[in-house]
Amino acid sequence: MSGTVACQSAKCPNGNPPSKLECPTCHKLGIQGSFFCGQECFKADWKMHKRVHDIVAPRQPLLDDPSISKSGDGTFNPFYDHRFSGSLRPVYPLSPTRIVPEHIKRPDYAESGVPTSESRRAGQPPRILTPEEQEKMRVVCKLAREVLDIAASHVRPGITTDEIDAIVHEATIERNAYPSPLNYRNFPKSVCTSVNEAICHGIPDQRKLQEGDIVNIDVTLYYDGFHGDLNETYPVGRIDDDSKKLIRTARESLDQAIKLCKPGFLFRDLGKTIEPIARANGCSVVRTYTGHGINDLFHCAPNVPHYAKNKAIGTMKPGMTFTIEPMINLGSHWEAMHWPDSWTATTVDGKKSAQFEETLLITETGVEVLTAGKPRELF
Ligand code: MF3
Ligand code: CO
Ligand code: CO
């Protein structure tokens, strides 16, 4: 039977002839049909091929696994063969999925992981909210601000990002709201926590925050049919001057962008203000991720890029709600790369990244910052 299977390499230089060399791991796992015409072909295809092993048998930590932390606490790095850009590492296992009580109203993706209503409305122009809907946005955004501030008050060396997730989750359900990140496109946790070189979408895990880290906490709540989304970046204990400059620059670029918002302003012109502030401070603006419309949908039109010379569509109109959330990297590399968890976005050079986000409402005369907190000094 083995002789009848064609070489499985997508790039087989020999025209995928009938092959006899079977992948030993597949054989052990009971995956049938993994034959290659020779060692060369097997080796060349290895990077692609080995993914099938993890699908069938998600990697378990072995006793001599180099990923196992020396702390002896059973934690491990699930991606030890990944080329990390900096020194941040995932610390697994993730805690079990947190439960949302039955009585709390859920968004459409809560069970399936698929935001069907977002896809249905793709390509539609930004919604203009009725006064009643605007009031609901005010309510959810105020709740989201409360939850972020509670989470922030716990930031200190030694706390794990998973403990921050637990705090966000509890504070959210206490307010009869749903933590919007939970199961959004299968995101496994209730908040995003992005440390140091993580740009955004970090998954809370067992890593303890360390003195000198910076951590972004990105909270989104769903309440009475609407989402409110905000984030801030915090120092962990004492941080170096570059980290302070980075955090100040990210905050300043968001504040200046918010000042521009009013009816008639072009979304594409926000980046003209944000990028020069970043550059003047030796920083760069992430292009891969943008601000977004937000209302009964978590993410929708308009698209709100933060970099200069973008081609974003549309002008601000009274009744529109959207976020501005610039991600600013130290140094000149704005590019993002991703961990194999397919969520965590990091800088490519391992330098730190910071972000601030607010949800905004365009009014007849200007802008209302729905997620606004009490004015505070950063450092
Ligand atoms: N809160 C993020 C934003 O600002 C989105 C997080 S999506 C998640 O748009 F799935 F990672 F939670
Ligand atoms: Co957010
Ligand atoms: Co957002």
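Here's what I pulled together on the structure shown here. Just so we're clear, the structure is a prediction, and the values are computed from it rather than from any experiment.

**Thoughts on the overall build of the protein**
- Along the backbone of the protein there are nine helices and 17 strands.
- On C-alpha atoms alone, the protein measures out to a radius of gyration of 23 Å, which is about the 21 Å that the 2.2 N^0.38 rule sets for 379 residues.
- For the protein, the spread of C-alpha atoms along the principal axes amounts to about 75 × 50 × 45 Å.
- Per-residue burial over the protein gives 51% buried out of 379 residues.
- Partitioning the intrachain contacts of the protein with sequence separation of at least 6 by distance along the chain shows that 67% fall at a separation of at least 24.
- When the accessible surface of the protein is totalled, it reaches about 18200 Å², and 53% of it is carbon and sulfur.
- Charged side chains of the protein number 45 positive and 47 negative; the gap between the two group centres comes to 5 Å.

**Considering the packing of aromatic side chains**
- Taken as a whole and assessed by the stated rule, the structure comprises nine aromatic pairs.
- Aromatic side chains Phe79 and Tyr92 sit 5.9 Å apart centroid to centroid with 70° between the ring planes, which places their arrangement in the edge-to-face category. Here Phe79, found in the loop between helix H3 (51–56) and helix H4 (109–112), pairs with Tyr92, found in the loop between H3 and H4; they are 13 residues apart in sequence, far enough to count as distant.
- For Phe79, a relative accessible area of 13% translates into the label buried.
- Overall, Tyr92 belongs to the buried group, its relative accessible area being 14%.
- Put simply, the rings of Phe36, Phe42 and Trp46 touch in pairs and so form one group of aromatic residues.

**Describing the coordination of the cobalt ion (ligand 2)**
- Within the protein, the cobalt ion (ligand 2) binds to Asp218 (OD), Asp218 (OD), Asp229 (OD) and Glu357 (OE); these donor distances fall in the range 2.1 to 2.4 Å.
- Here the cobalt ion (ligand 2) binds six donor atoms, and the angle range of 58 to 169° at the metal identifies the geometry as irregular.
- Counting along the primary sequence, the residues that act as donors to the cobalt ion (ligand 2) give the motif D-x10-D-x127-E.
- A gap of 3.3 Å separates the cobalt ion (ligand 2) and the cobalt ion (ligand 3), which Asp229 links by coordinating each metal. Of the two residues, Asp218 sits in strand S6 (residues 214–223) while Glu357 sits in the loop between strand S15 (353–355) and strand S16 (358–362), which places them 139 residues apart along the sequence.
- The class of Glu357 is buried, set by a relative accessible area of 1%.

**Examining the environment of Ile55**
- Structurally, Ile55 can be placed in helix H3.
- Taking the C-alpha atoms as reference points, Ile55 and Ile247, 192 residues apart in sequence, are found 39 Å from one another.

**Notes on the site of ligand 1**
- The local shell around ligand 1 holds 14 residues, among which Pro181, Asp218, His299, Glu325 and Glu357 are the closest.
- Between ligand 1 and Thr220 there is a distance of 3.4 Å, counted from a nitrogen atom to a side-chain nitrogen or oxygen.
- Interatomic distance of 2.8 Å between a side-chain N/O atom of His299 and an oxygen atom of ligand 1.
- Of the residues contributing to the shell around ligand 1, the split by class is six nonpolar, four polar and four charged.

**Observations regarding the coordination of the cobalt ion (ligand 3)**
- Here the cobalt ion (ligand 3) is held by the protein donor atoms Asp229 (OD), His292 (NE2), Glu325 (OE) and Glu357 (OE), which lie 2.0 to 2.3 Å from it.
- In this structure, the cobalt ion (ligand 3) is surrounded by six donor atoms whose angles at the metal cover 52 to 163°, and the resulting shape is irregular.
- Of note, the cobalt ion (ligand 3) draws all its donor residues from one chain, in the sequence arrangement D-x62-H-x32-E-x31-E.
- Judged by relative accessible area, His292 falls into the buried class, the value being 7%.

**Some remarks on the packing of helix H8 (residues 241–260) against helix H9 (residues 270–280)**
- Running from N to C, H8 and H9 cross one another at 155°; their axes reach a closest spacing of 9 Å. When the axes of H8 and H9 are compared, the pair comes out roughly antiparallel. Classified by chirality, the crossing of H9 by H8 is right-handed. Across the interface between the two elements, Thr249, Glu252, Ser253, Gln256, Ala257 and Leu260 from H8 touch Leu270, Thr273, Ile274, Ile277 and Ala278 from H9.

**With respect to helix H2 (residues 39–49)**
- Taken together, the buried positions of H2 are occupied by Cys41, Phe42, Asp45 and His49. Here the buried residues of H2 occupy an arc of 90° about the axis, which is enough to place them on one side. Residues of H2 that are exposed and point more than 90 degrees away from the buried face comprise Gln39, Glu40, Lys43, Ala44 and Lys47.
- Residues of H2 that are buried in the fold lie against strand S1 (21–22), helix H1 (24–29), strand S2 (35–36) and H3.

Cut-offs used in this document
- Residues numbered from 1 in each chain as written.
- Chains lettered and ligands numbered in written order.
- Predicted model: local features only at pLDDT ≥ 70, side-chain atom pairs only at ≥ 80, totals over all residues.
- Heavy atoms only, no water.
- Helix = DSSP H or I, 4+ residues; strand = E, 2+ residues; numbered from the N terminus.
- Rg over C-alpha atoms; globule rule 2.2 N^0.38 Å.
- Buried < 20%, exposed > 50% of the residue type's maximum accessible area, 1.4 Å probe, protein only.
- Contact = heavy atoms within 4.5 Å.
- Areas by Shrake-Rupley, 256 points an atom, 1.4 Å probe, with all protein chains shown as cover.
- Lys, Arg positive; Asp, Glu negative; His and termini not counted.
- Charge placed at Lys NZ, Arg CZ, Asp CG, Glu CD.
- Phe/Tyr/Trp six-rings, centres within 6.5 Å; stacked < 30°, edge-to-face > 60°.
- Donors = N, O, S within 2.8 Å, 3.2 Å for Na, K, Ca; no water.
- Tetrahedral: all angles 85-135°; square planar, octahedral: opposite > 155°, others 65-115°.
- Near = heavy atom within 4 Å.
- Polar contact = N/O pair within 3.5 Å; in protein donor to acceptor, adjacent residues only side chain to side chain.
- Nonpolar A, V, L, I, M, F, W, Y, C, P; charged D, E, K, R; others polar.
- Axes fitted to C-alpha atoms, helices over the stretch in contact; angles between N-to-C directions.
- Parallel < 35°, antiparallel > 145°, perpendicular 65-115°, else oblique.
- Left-handed = near helix turned anticlockwise from the far one by under 90°.
- Arc of directions from axis to C-beta.

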